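Coordinates in review
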Amino acid sequence: MKANPIVGQGTSLHQWQTSSHMAELAPISVEQLVPEGHRAVIIAPHPDDEVLGCGGLLQGLAALGRAIQLISVTDGSASHPGSRRWSVERLSVVRPQESAQALHRLGLPLHRLKWLRAGFTDSQVAAREAQLAAFIERHLKPRDVVFTTWREDGHCDHEAVGHASASAALAVGATLYELPVWTWHWATPEDSQVPWHRARKLPLSCQVVARKRHAIHAFASQLEGDPQIGLPPVLAPYVVERLLQPFEVVFV
Ligand SMILES: [Zn+2]
């Protein structure tokens, strides 16, 4: 197993903001990503990845009236290992509720959104990647446009979900786009491990970013660590700020 690259504070927002490389990424629109008549399928390893990775895109899809299917792969209950305050039992209930609240805050019509919970174990997805690929395949149609975490994102579940989604999309003939989430932490703007040639930038308006910020603040469990056991929050303020740039990146 390779070392966890998600340590320390990672690459600063300032480094991303001042990169000419980032400024030059080619733009892409919601209409180009999900043309009329196609459905968007968002495959999130944990309840929050759909907002962290593509909370802006989701607002654009809703505005265009596109059909959206969300697949939550795990319940995210392994986010606070060893915590009594945030026990596995509590997280398994609270985290999906936080996602529902966040999607509501994004303005998504929840009665029209299809939401599937795949029921895989948080932090253990890699061990059942083939089963996950088969599960996703059963729920995909050839005209679907799939968005999921990049298969090299640096978190074991994000990578397994990226791989499983890619193989399911290939089998069905659906389009696949990958989203960086933890990449913003460990990578740098000039990092050659990142497929920048595949990167497209979806510009977000101030209003869309503000709504995304409001939605991210629904993830209370992730904004809090557990001081009793010295556990820092998953979504520390510098992590949140880094995910609120005026664009989202999609690997095409
Ligand atoms: Zn995640």
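Refer to the structure presented above.
Here the residue numbering is sequential within each chain, running from 1 through the sequence in written order. Totals for whole chains, interfaces and linings use every residue, but because this is a predicted model, local features are given only for residues with pLDDT of at least 70 and side-chain atom pairs only at 80 or more, for both listing and counting.

**Description of helix α9 (residues 206–216)**
Exposure criterion: with C-beta atoms placed from backbone coordinates, a residue whose C-beta has 20 or more other C-beta atoms within 10 Å is buried, one with 12 or fewer is exposed, and one in between is partly exposed. Put simply, DSSP marks the helices as runs of H or I at least four residues long and the strands as runs of E at least two long, and each gets a number from the N terminus on. Among the residues of α9, those classed as buried are Val-208, Lys-212, Ala-215 and Ile-216. Projected down its long axis, α9 carries its buried residues within an arc of 95°, all on one side. Of the exposed residues in α9, the ones pointing more than 90 degrees away from its buried face are Cys-206, Gln-207 and Ala-210. Along the arc lie the directions from the helix axis toward the C-beta atoms.

**Quick notes on the pairing of strand β5 (residues 145–149)**
The buried count for β5 comes to four of five residues, which makes it a mostly enclosed element. With four bridges joining them, strand β2 (residues 40–44) and β5 adopt parallel strand pairing. Residue pairing for β5: Ile-43 is matched across the bridge by Thr-148. The rule for pairing is simple: two strands pair if DSSP sees at least two bridges between them. Alignment of β5 against strand β6 (residues 175–179), held across five bridges, turns out to be parallel. The partner of Thr-148 across the bridge, within β6, is Glu-178. A crossover counts as right-handed when, viewed with the strands pointing away from the observer, the path leading from the first strand over the helix to the second turns clockwise. Once you follow β5 into helix α7 (residues 156–172) and on to β6, the crossover reads as right-handed.

**Some thoughts on the nonpolar core**
For this analysis, nonpolar core means a set of buried Ala, Val, Leu, Ile, Met, Phe, Trp, Tyr and Cys residues linked through C-beta atoms within 7 Å. Ile-42, Ile-43, Val-73, Leu-132 and Val-146 are the most contacted members of the largest nonpolar core, which totals 55 residues. Ranked by residue count, the leading element in this core is helix α4 (residues 49–63), at six residues.

**Quick look at the packing of α4 against α9**
Helix packing geometry: the angle between the two helix axes and the distance between the axes. Angular values range over 0 to 180 degrees, each being the angle between N-to-C directions of two axes fitted as lines to C-alpha atoms, with helices fitted over their stretch in contact. Orientation of α4 relative to α9, taken along the N-to-C sense of each, is 135°, at an axis distance of 9 Å. In terms of axis orientation, α4 runs oblique to α9. For α4 against α9, the interelement crossing comes out right-handed. In this structure, α4 uses Val-51, Leu-52, Gly-55, Gly-56 and Gln-59 to contact α9, whose residues at the interface are Val-208, Val-209, Arg-211, Lys-212, Ala-215 and Ile-216. Each angle is binned into one of four classes, with values under 35 degrees roughly parallel, values over 145 roughly antiparallel, values of 65 to 115 roughly perpendicular, and all other values oblique. The handedness criterion is simple: a crossing whose near helix is rotated anticlockwise from the far helix by less than a right angle is left-handed, and one whose near helix is rotated clockwise is right-handed. Our contact criterion uses C-beta atoms placed from the backbone: two residues qualify when those atoms are within 7 Å.

**Re α7**
Under the 1.5 Å per step criterion, the end-to-end length of α7 is 24 Å for 17 residues, consistent within 8% with the ideal 24 Å. Those residues of α7 that fall on the buried side of the exposure criterion are Asp-157, His-158, Glu-159, Ala-160, Val-161, Gly-162, His-163, Ala-164, Ser-165, Ala-168 and Ala-169. Looking one or two residues past α7, Gly-173 carries a phi angle of roughly 90°, positive in sign. To estimate the expected span of a helix, count its residues, drop one, and scale the result by 1.5 Å.

**Description of the environment of Pro-5**
For Pro-5, the position within the fold is in the segment before α1 (13–17). A residue is classified by how many C-beta atoms lie within 10 Å of it, and Pro-5, with 16 of them, is partly exposed. In this structure the C-alpha to C-alpha distance between Pro-5 and His-197, which are 192 residues apart in sequence, comes to 22 Å. Setting aside anything within four residues of it in sequence, one finds Pro-5 in contact with Gly-154 and Trp-186.

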